[in-house]
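What the coordinates show
Read off the chains here:
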Amino acid sequence: MSTSDRSQRRAAGERAYEWVKDRILDGRLEGGQLLSEGEAASALEISRTPVREAFLRLEVEGLLRLYPKRGALVVPVSAGEVAEVTEARILLESHAAATVIARGIQADVADSMNAVLGDQRRLDVPKETAAFSRLDRQFHATLVEAAGNGLLTQFYSGLHDRQVRMANSALHRAPSRYGAILDEHARLCTLLRDSDADGFREQLAAHIGGTHGALLDS
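Residues numbered from 1 in each chain as written. Predicted model: local features only at pLDDT ≥ 70, side-chain atom pairs only at ≥ 80, totals over all residues. Heavy atoms only, no water.

The name given to the chain in an unreviewed UniProt entry is GntR family transcriptional regulator, and the organism recorded there is Prauserella endophytica.

Right, dumping it as structure tokens:
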């Protein structure tokens, strides 16, 4: 195989990986759905080989479960995963809030978070649910990054895919969460600006629990 052929194969594999992963994260491929190599290859107009390689990568990431000669099953979000991500987020984000308050930068951080909230408000939902979920994640990540702990920020970044997928799935199941999320984000900004770390943690727990809880109401 020539260098050019290898490069084209890697590019096709990356396209397949992004195509499938994007659809899992935004809910177009739902948990429990079966996807064949042929379906993906046909949609992308590529051979099955790069699709197979993409499926293997996504299996390692825990998003797909492969079945020979049948295809790939989209792994559903489990109750255990919801509980673990909820606990991790509350710990990390409430610690970040306390840190920025202690450093006296809470007003600036609240302004940055409020700017993201403004972008969320301008979206046309539910049409732009995927963008809404990405901004939801950005809103919370703004706080964690502002706390300035590189190790905690790196760990938080590792939750990215789960956060986006859970937000998209919850919004599809409970459309009333759109307005609730915006209101809760506004309250979080106010509590942070007012240096109310305890109130922030309480509101944060209710906020995350409300969104993630929609995943368990079926």
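1. Observations concerning the overall build of the chain
For the chain, the count of helices and strands is ten helices and three strands. The linear arrangement of helices and strands in the chain, starting from the amino end, is α-β-α-α-β-β-α-α-α-α-α-α-α. Expressed along its principal axes, the backbone C-alpha trace of the chain runs to roughly 60 × 40 × 30 Å. For the chain, the residues scored as buried account for 46% of the 218 residues in total. At a minimum sequence separation of 6, the contacts of the chain that also span at least 24 residues come to 72%. Total accessible area on the chain is roughly 11100 Å²; 50% of this is exposed by carbon and sulfur atoms. Each charge class in the chain was averaged separately, 27 positive and 31 negative side chains, and the resulting centres sit 7 Å apart. (Helix = DSSP H or I, 4+ residues; strand = E, 2+ residues; numbered from the N terminus. Buried < 20%, exposed > 50% of the residue type's maximum accessible area, 1.4 Å probe, protein only. Contact = heavy atoms within 4.5 Å. Areas by Shrake-Rupley, 256 points an atom, 1.4 Å probe, with all protein chains shown as cover. Lys, Arg positive; Asp, Glu negative; His and termini not counted. Charge placed at Lys NZ, Arg CZ, Asp CG, Glu CD.)

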